[in-house]
Amino acid sequence: RAALARGDGDAAIAILEEAVAQFPKDAEAHYYLANAYASKAGRSGMFAAARYAPKAKGAWEQAVAISPKHLEARFSLVEFYAMAPGIMGGSTDKAFEQAKEVKAIDPILGHRAFGLIYTLEKKPELAKKEYTDAIREQPNSAKAHGYLGQHLANVEKNYSAAFAELETGLKLDPNYMPLYY
């Protein structure tokens, strides 16, 4: 994980492949190996992406197979399926399937997963509905207000409304650090 954090994808892959070989039933090892593959795919050219992106998908899928409630791996699969082209394993249907599973475990994060998919599909009104539904369901969730604030800032470019949501989240939980970013 330290090699991954410092951007040394080759070292991270080597170490994490060894960890997965030694501990094949460790969901965290598969999850971090997937992240190392994804990092390598993102930092390299098209040919490396074609090589490492499917490996990342496979390792996230393995993490979920071992630990079905592994939210980080499931959310990573939502992102992968929603963003990757079909030839590399992307699938909007699979993204929605994963989002549904995320929502069953963590409703707020599930709304975020659906919101991400809708944003990528260029359906901002449906994305915003997901975030506002999350707040309607859990009005005291700083995380829900933060997700709506991010959407308002990044997608709608409505900065005053975004800051209002972030401020609301901070009033609810001043220790929820993501709101400060």
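Below is a short write-up of the structure. The shown structure was predicted, so the numbers you read here are calculated from the model rather than taken from an experiment.

**Quick word on the packing of helix 7 (residues 107-120) against helix 8 (residues 124-137)**
Next up, step 1: Running from N to C, helix 7 and helix 8 cross one another at 170°; their axes reach a closest spacing of 7 Å. Considered as vectors, helix 7 and helix 8 are oriented roughly antiparallel to each other. Contact residues: Pro107, Ile108, His111, Arg112, Phe114, Gly115, Leu116, Tyr118 and Thr119 in helix 7; Pro124, Leu126, Ala127, Glu130, Tyr131, Asp133, Ala134 and Glu137 in helix 8.
Next up, step 2: Per-class residue counts for the contact of helix 7 with helix 8 are 10 nonpolar, three polar and four charged.

**What about helix 10 (residues 159-172)?**
Next up, step 1: Compared with the 20 Å implied by 1.5 Å per residue over 14 residues, the 20 Å span of helix 10 between its first and last C-alpha is a close match.
Next up, step 2: Among the residues making up helix 10, those that are buried are Ala162, Glu165, Leu166, Gly169 and Leu170. The buried residues of helix 10 occupy one face: seen down the axis, they fall within an arc of 140°. The outward face of helix 10, more than 90 degrees from its buried face, is lined by the exposed residues Ser160, Phe163 and Lys171.

Cut-offs and rules
Residues numbered from 1 in each chain as written. Predicted model: local features only at pLDDT ≥ 70, side-chain atom pairs only at ≥ 80, totals over all residues. Heavy atoms only, no water. Axes fitted to C-alpha atoms, helices over the stretch in contact; angles between N-to-C directions. Helix = DSSP H or I, 4+ residues; strand = E, 2+ residues; numbered from the N terminus. Parallel < 35°, antiparallel > 145°, perpendicular 65-115°, else oblique. Contact = heavy atoms within 4.5 Å. Nonpolar A, V, L, I, M, F, W, Y, C, P; charged D, E, K, R; others polar. Expected span 1.5 Å × (residues − 1). Buried < 20%, exposed > 50% of the residue type's maximum accessible area, 1.4 Å probe, protein only. Arc of directions from axis to C-beta.

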